[in-house]
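Structure assessment
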Amino acid sequence: MISLNSTTYRLGNLDNYQAKLNFQMGGSKLQFGSDDSVTFGRLTHTEDKIKTQKGIVEQIERADVLNKTSDTAMKEAKLLLEKIKAEELIKANTSTTSIEGLEAIAGVIEGYKQNLFNLANTQTEGQYVFAGSDASVKPFSMDASGKVTYNGDADLRKVAVDEGSYRERGINGIDAFFYVADSASKGGTLTFKDGDRITDQDGKEWVFDNVANTLTKTNWDGSTQTLAATPPVAPATEYTTTVPNTDGTKFEARRNMFDMLDEAISSLRGLDSAGNPTLTYEDRRAGISKAIDESTKAYDTAVIAHSELGAKNKTFEVSKERAESKITQLSILEKELGNSNLTEVATELKALEISYTALYSTINRTFELSLTNFLK
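An account of the accompanying structure is given in this report. Predicted model only: the values in this text are computed from it and were never measured.

The rules behind each value
- Residues numbered from 1 in each chain as written.
- Predicted model: local features only at pLDDT ≥ 70, side-chain atom pairs only at ≥ 80, totals over all residues.
- Heavy atoms only, no water.
- Helix = DSSP H or I, 4+ residues; strand = E, 2+ residues; numbered from the N terminus.
- Buried < 20%, exposed > 50% of the residue type's maximum accessible area, 1.4 Å probe, protein only.
- Contact = heavy atoms within 4.5 Å.
- Areas by Shrake-Rupley, 256 points an atom, 1.4 Å probe, with all protein chains shown as cover.
- Pairing = 2+ DSSP bridges.
- Axes fitted to C-alpha atoms, helices over the stretch in contact; angles between N-to-C directions.
- Parallel < 35°, antiparallel > 145°, perpendicular 65-115°, else oblique.
- Left-handed = near helix turned anticlockwise from the far one by under 90°.
- Nonpolar A, V, L, I, M, F, W, Y, C, P; charged D, E, K, R; others polar.
- Core = buried A, V, L, I, M, F, W, Y, C linked by side-chain atoms within 4.5 Å.
- Expected span 1.5 Å × (residues − 1).
- Arc of directions from axis to C-beta.
- Salt bridge = Lys/Arg side-chain N within 4 Å of Asp/Glu carboxyl O.
- Bend = angle between axes of the 7 residues up to and from the residue.
- Phe/Tyr/Trp six-rings, centres within 6.5 Å; stacked < 30°, edge-to-face > 60°.

Summing up its helical and strand segments, the chain has eight helices and 14 strands in all. Classification of the 376 residues of the chain by burial places 37% in the buried group. For the chain, long-range pairs separated by at least 24 residues make up 68% of all intrachain contacts whose partners lie at least 6 apart in sequence. For the chain, the exposed surface amounts to about 20700 Å²; the carbon and sulfur share of it is 50%.

Structure representation (structure tokens):
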């Protein structure tokens, strides 16, 4: 018998090649990484890049939901603060407003305070937008006396906007609802009240201890820095501290807007710091004038915070567009690397058909020949 080993080997190769071409007719160029290791490596890298960019877009979209919710809340907060000043406090500061009128205005401002409190605790998708770094914490709480306390922090969560690049998301409760009551640069004296939030030029908070009379900042590595604070002498209520004598250092004492509203309401009702109705009409007017000045600061703070939020929203918008553009370009490259050329594949299949015909013709002729005729 004539050996058909070489013919069988050729037939096997044709069968493998046909299987590869049939796979490529489905649109994919590479069935196995070994088909073209270089192209396969580039394709895998490109697919990973696409997944990364899609993950970034998803994070930006989530951040965008929180930022837009914060934006809406800040718009409403600004309107409330404007009404408190322009419609209520200025009206209360006129000589024609009676004691009864001041009491009525106090009730209106109390209602605005509650609305502002609700806005400060705005949440979306189970996250509080003004809580700082931990969005699960309810940022503001109110006790039975109406005292409002901030439970969040001065930090912000960061969101990836590109590979290795991060941006801060939203604004915290200090940025939005604490106005600057006093500020001082290096070597200067900062005046503040117990309950104010003290921040430095880097936005880091210095926590006040009213027992030890100290301000303490915790650094990223766990170490701490401490400053001494001088307590007030009655009837004064404000503490003082000396800002470190280092270039670029600036401290700010941020006061809770709700404390400002409480003081305004007390002045309107003639209540002293102990809650007793001892204030004269002139004392009330003096307190109202101070409240107008403080409410102006509060409104200006809200405007600045809202502006900063808008700038951040724009940054995320541009970052999303850039990430989506990258996904488009990478998807085009992925197709170029991974998609087969159907015209070429069809041409090769036709050529393969001819090769099959020729090989099977040879096999048939081989079986028809005797060994003697084959040798001839």
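Next comes the rest of the description.
Moving on, we get to the sheet that holds strand β8 (residues 189-193). Within a sheet, each strand pairs with its neighbour through backbone hydrogen bonds, oriented either parallel or antiparallel. Spatially, β7-β14-β9-β10-β11-β12-β13-β8 is the arrangement adopted by the eight strands of the open sheet, whose pairing is antiparallel. The open sheet has two edge strands with one neighbour each: β7 (178-185) and β8. Within this sheet the neighbouring strands show an average axis-to-axis angle of 30°, counted without direction. In this structure, strand β12 (residues 224-230) lies alongside strand β13 (residues 238-242), joined through two bridges in antiparallel fashion. Each residue of the ladder has a partner; that of Ala229, found in β13, is Thr241. Along the sheet face, helix α5 (residues 257-269) touches β7, β8 and β14 (250-256) and points at about 50° away from the line of β14.

As a further point, take the packing of helix α3 (residues 99-120) against α5. Put simply, α3 and α5 touch, their axes get as near as 9 Å, and they point 165° apart. On the basis of their axis angle, the class for α3 and α5 is roughly antiparallel. You can see that α3 and α5 cross each other, and the crossing is left-handed. The segment α3 lies against α5, with Leu102, Glu103, Ile105, Ala106, Gly107, Ile109, Glu110, Lys113, Leu116, Phe117 and Ala120 engaging Phe258, Leu261, Asp262, Ile265, Leu268 and Arg269. Partitioning the contact of α3 with α5 into residue classes produces 11 nonpolar, one polar and five charged.

A word on the nonpolar core. Counting 45 residues, the largest nonpolar core has Met74, Ile109, Leu116, Phe130, Phe140, Phe177 and Leu268 as its most contacted members. For this core, the secondary-structure elements that each account for two or more residues are α2 (37-92), α3, β4 (148-150), α4 (173-177), β7, α5 and α6 (281-338).

Checked against the element boundaries, Ser70 lands in helix α2. Residues in contact with Ser70, not counting those within four places in the same chain, are Val129, Phe130 and Leu309.

Attention shifts here to unusual backbone geometry. What you tend to see is this: most non-glycine residues have negative phi, and most peptide bonds are trans. In this structure, Glu125 takes a positive phi of about 55° despite not being glycine. Along the chain, Glu125 turns up in the loop between β1 (123-124) and β2 (127-128). We note that Asn213 has phi near 55°; this positive angle belongs to a residue other than glycine.

What follows covers α3. When the terminal C-alpha atoms of α3 are compared, their 31 Å separation across 22 residues agrees well with the 32 Å that a helix rising 1.5 Å per residue should span. Among all positions of α3, only Leu102, Ile105, Ala106, Ile109, Tyr112, Lys113, Leu116, Phe117, Leu119 and Ala120 are buried. Summarising the axial view, the buried residues of α3 lie within an arc of 145°, below the 170-degree limit, and thus occupy one face.

Let us now look at the pattern of salt bridges. In total, this model carries 21 salt bridges according to the counting rule given. In this structure, Glu163 and Lys49 form a salt bridge, with 3.1 Å as the shortest nitrogen-oxygen distance. Of this pair, Glu163 sits in the loop between β5 (158-162) and β6 (165-168) while Lys49 is found in helix α2, placing the two residues 114 residues apart along the sequence. Classification of Lys49 as partly exposed rests on a relative accessible area of 25%. Residue Asp200 is joined to Lys217 by a salt bridge in which the shortest nitrogen-to-oxygen separation is 3.6 Å. With Asp200 in the loop between β9 (197-199) and β10 (205-209) and Lys217 in strand β11 (residues 214-218), this residue pair connects regions lying 17 residues apart in the sequence. Neither residue differs from the other here; Asp200 and Lys217 are each classed as buried. Within this structure, Glu103, Glu110 and Arg269 form a network of salt bridges that share partners.

Now for α2. In this model α2 runs 80 Å from its N-terminal to its C-terminal C-alpha over 56 residues, within 8% of the 82 Å that 1.5 Å per residue would give. Along α2, the sharpest kink reaches roughly 25°, centred on Ile84.

What follows deals with the packing of α2 against α3. Two elements in contact, α2 and α3, have axes separated by 10 Å at closest approach and are oriented at 170°. In this view, α2 runs roughly antiparallel relative to α3, as classed from their interaxial angle. For the pair formed by α2 and α3, the contact residues are Ala73, Glu76, Ala77, Leu80, Leu81, Lys83, Ile84, Glu87, Glu88, Leu89, Lys91 and Ala92 on the first element and Leu102, Ile105, Val108, Ile109, Tyr112, Asn115, Leu116 and Leu119 on the second. Looking at the contact of α2 with α3 residue by residue, the classes come out as 14 nonpolar, one polar and five charged.

Per the counting criterion, the structure on display carries 11 aromatic pairs. Taking 5.3 Å as the distance between ring centres and 85° as the angle between the ring planes, the aromatic pair formed by Phe130 and Phe177 counts as edge-to-face. Placement of Phe130 in the loop between β2 and β3 (140-142) and of Phe177 in helix α4 is noted, with a sequence separation of 47 residues between them. Comparing Phe130 with Phe177 shows no difference in burial state: the two are buried. Ring centres 5.8 Å apart and planes at 65° place the aromatic pair Tyr150 and Phe178 in the edge-to-face group. Residue Tyr150 is located in strand β4, and its partner Phe178 is located in strand β7; the two are separated by 28 residues in the primary sequence. What makes Tyr150 buried here is its relative accessible area of 5%. One aromatic cluster is present, built from ring pairs that chain together Phe117, Phe130, Phe140, Tyr150, Phe177, Phe178 and Phe258.

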